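Single-letter residue listing:
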Amino acid sequence: MSINRNRKQRKISNRPLSRRAFIKGSVGLATAATAGGGLIRPASAQSGFGEYIPYDSTKDYHWDYNPNTRRREIIEHHHPGMEPTGEKFTFVRLKYAGGDWYTNLVRTYLWQSDLKFTQLLAANTAINVDLRQHPQYVEIDDPWLFSYPFLFMTGHGKVSGGMRITDKQVSKLREYFDRGGFMHVEDCDIREYNFRPQLIQLMKRIFPDKKFERLDMTHPIYHTLYPHNEYMGGDKLIPRFDFDEAIFDKDDKVMVYFCPSDLNCAWEGRPCRPGGEEQRIWAFEQGMNVVAYALTR
């Protein structure tokens, strides 16, 4: 799939992105307002709703069989190593208790969503992406959580009683954000399953004085790489939820980006309505906008 659509590109340095520098709060490549097309390279079935999926402790990964393709689909537990260089960006999903955190990674529709997005991120941008054979995940309690400037989270909500996040984990997530971390969150189906209310409650526990605010299409997060002036959404554009929301840090920069229209399902190859393939391209582009914003803000 080619993402480049001959759009006008702005120039910035293509220096490697430093994970360690970012998470310590150092200056990134540039501000989101000035980051632009210099990062873009020129063109040349729903998962199960159970909380448990098989786990192989000897190889440290979750897996399940896809009945449609008869293939084993694997999610690896990512380990940056004892001395991470910080030179490569890892798209890593957050594992949490009480929900299908692995949505679109097992029993997939066409392909594993995170893996496809990571491949296109590497192919269409100059971001130094850590390409793996399988999608990657990290747990909240993982000692390496602070190695990642960017976390991805999704789910349905009404699964196994809903999210179960302990007070200790809440404190750790608060520290993650205070250090400069960024989280991209998707609701897999906002029409039901109750994920958004649980996310709002979680964020209230983390930041009692903050709340989600509606993002305007003029915000830099829609223009970091690809100029998006119209909201097209992920695989579903739902009335009343045709906009994104965010929680901002003390410098008025996005630290939690919430999308209700499910970019992740579009990345998985599901039919996109009402905009078809144009909507899917928008979903991939917006995901790249979000990553670039997180790494350059």
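Everything numeric here is computed off the predicted structure, so don't read it as measured data.

Enquirer: Quick one: what's the story with the packing of aromatic side chains, residue by residue and with numbers?
Expert: Any aromatic ring pair is given by two values, namely how distant the centres are and how the planes are angled relative to each other. For the structure on display, the rule yields 17 aromatic pairs. Considering the side-chain rings of Trp63 and Tyr65, the 5.2 Å spacing of their centres and the 80° angle between planes classify their relative orientation as edge-to-face. Taking relative accessible area as the criterion, Trp63 reaches 16% and is therefore assigned buried. Look at Tyr65 and you get partly exposed, because its relative accessible area is 45%. Cluster of aromatic residues (ring-pair linked, three or more members): Phe89, Phe91, Phe117, Phe150, Phe152, Phe182, Trp267, Phe284 and Tyr293.

Enquirer: Tell me what's going on with the pairing of strand E6 (residues 150-155), and back it up with residues and numbers.
Expert: Where burial is concerned, most of E6 is hidden: six out of the six residues are buried. As paired elements, strand E4 (residues 92-95) and E6 share two bridges and run parallel to each other. Bridge pairing in E6 places Val92 opposite Leu151.

Enquirer: Mind laying out the side chain of Asn289, listing which residues take part and the relevant values?
Expert: Looking at the element boundaries, Asn289 is found in helix H6 (residues 276-296). Within the local environment of Asn289, its side chain forms a polar contact with the backbone nitrogen of Leu225, the two atoms lying 2.8 Å apart. Polar contacts involving the side chain of Asn289 include one to the main-chain amide nitrogen of Tyr226, which spans 2.8 Å. Beyond its immediate stretch of four places on either side in the chain, Asn289 contacts Ile221, Tyr222, His223, Thr224, Leu225, Tyr226 and His228.

Enquirer: How would you summarise the packing of helix H2 (residues 113-124) against H6 if you had to cite specific residues and measurements?
Expert: Between H2 and H6, the shortest axis-to-axis distance is 10 Å and the interhelical angle comes to 75°. In terms of orientation, H2 and H6 fall into the roughly perpendicular class. Counted together, Lys116, Phe117, Leu120, Leu121 and Asn124 of H2 and Phe284, Gly287, Met288 and Val291 of H6 form the full contact between these two elements. Here the contact of H2 with H6 is composed, by residue class, of six nonpolar, two polar and one charged.

Enquirer: Describe the state of the cysteines, naming the residues involved and giving the relevant values.
Expert: Throughout the structure, instances matching the rule amount to zero disulfides. For Cys265, which is in no disulfide, the shortest distance to another cysteine sulfur is to Cys188 and amounts to 3.8 Å. For Cys272, which is in no disulfide, the shortest distance to another cysteine sulfur is to Cys265 and amounts to 8.9 Å.

Quick notes on the rules
- Residues numbered from 1 in each chain as written.
- Predicted model: local features only at pLDDT ≥ 70, side-chain atom pairs only at ≥ 80, totals over all residues.
- Heavy atoms only, no water.
- Phe/Tyr/Trp six-rings, centres within 6.5 Å; stacked < 30°, edge-to-face > 60°.
- Buried < 20%, exposed > 50% of the residue type's maximum accessible area, 1.4 Å probe, protein only.
- Helix = DSSP H or I, 4+ residues; strand = E, 2+ residues; numbered from the N terminus.
- Pairing = 2+ DSSP bridges.
- Polar contact = N/O pair within 3.5 Å; in protein donor to acceptor, adjacent residues only side chain to side chain.
- Contact = heavy atoms within 4.5 Å.
- Axes fitted to C-alpha atoms, helices over the stretch in contact; angles between N-to-C directions.
- Parallel < 35°, antiparallel > 145°, perpendicular 65-115°, else oblique.
- Nonpolar A, V, L, I, M, F, W, Y, C, P; charged D, E, K, R; others polar.
- Disulfide = S-S within 2.5 Å.

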